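Chain and residue survey
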Amino acid sequence: MDTPRELEWYLRDHLFRQAGKGRTRIARAEIAGEMISLYLRYRNYDPGQLAGLMTPVIDDLVSMRVLSQLEGGLLEAAPMTRMQCAKCFYVSYLAEAEPRVCQRCSGTELGEFPKRK
Ligand SMILES: [Zn+2]
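Analysis parameters
Residues numbered from 1 in each chain as written. Predicted model: local features only at pLDDT ≥ 70, side-chain atom pairs only at ≥ 80, totals over all residues. Heavy atoms only, no water. Donors = N, O, S within 2.8 Å, 3.2 Å for Na, K, Ca; no water. Tetrahedral: all angles 85-135°; square planar, octahedral: opposite > 155°, others 65-115°. Helix = DSSP H or I, 4+ residues; strand = E, 2+ residues; numbered from the N terminus. Phe/Tyr/Trp six-rings, centres within 6.5 Å; stacked < 30°, edge-to-face > 60°. Domains from an automatic or database assignment. Buried area = accessible area lost by both parts, 1.4 Å probe. Salt bridge = Lys/Arg side-chain N within 4 Å of Asp/Glu carboxyl O. Nonpolar A, V, L, I, M, F, W, Y, C, P; charged D, E, K, R; others polar.

**Looking at the coordination of the zinc ion**
Coordination of the zinc ion by the protein comes from Cys85 (SG), Cys88 (SG), Cys102 (SG) and Cys105 (SG), over a distance range of 2.3 to 2.4 Å. Bound by four donor atoms, the zinc ion shows angles of 102 to 118° at the metal and therefore tetrahedral coordination geometry. Within one chain, the residues serving as donors to the zinc ion are arranged as C-x2-C-x13-C-x2-C. Of this pair, Cys85 sits in strand β4 (residues 80-85) while Cys105 is found in the loop between β5 (91-95) and β6 (110-112), placing the two residues 20 residues apart along the sequence.

**Digging into the packing of aromatic side chains**
Counting across every chain of the model gives six aromatic pairs. Taking 5.4 Å as the distance between ring centres and 85° as the angle between the ring planes, the aromatic pair formed by Tyr10 and Tyr42 counts as edge-to-face. Within this pair, whereas Tyr10 is found in helix α1 (residues 4-20), its partner Tyr42 is found in the loop between α2 (28-38) and α3 (47-63), the two being separated by 32 residues in sequence. An aromatic cluster is defined as three or more aromatic residues linked by ring pairs; in this entry it consists of Trp9, Tyr10, Phe16, Tyr39, Tyr42, Tyr45 and Tyr93.

**Some thoughts on the domain arrangement of the protein**
What the domain assignment lists for the protein is domain 1 (4-77) and domain 2 (80-112). A separation of 20 Å is found between the C-alpha centroids of domain 1 and domain 2. Summed over both partners, the interface of domain 1 with domain 2 buries about 1,000 Å², with 56% contributed by carbon and sulfur atoms. When the buried area of domain 1 at its contact with domain 2 is split by residue, Trp9, Arg12 and Phe16 rank highest and sum to 57% of it. Across the domain 1-domain 2 interface, the total number found is one salt bridge. Two residues, Arg12 and Glu98, come together in a salt bridge whose shortest N-O distance is 2.9 Å. The residue inventory of the side of domain 1 that touches domain 2, partitioned by class, reads five nonpolar, no polar and six charged.

Below is the structure:
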């Protein structure tokens, strides 16, 4: 079973990729189904089951201001930056309101990912 932390990473990844396509608003009810169709890792999940697992993860992101709750069950994603830790190489997706620290080791030396040539 996936940990909420892994689920959060994949959700941030999903939000980041959607924002890259200009889509920053997403219906809460559709997120689980989208994750199932996009990520091999979640392919075998039942949509209702995954939605249940995601509820606390989404609520956490709302309290961290990565997501804002709009009317009609819509969520608005804050602009995020993808950064890689110089120490452990973990890739973090961080919203503007969040401290620039690695989400795995709390290291503060973060670089842009992928690196610019
Ligand atoms: Zn790190």
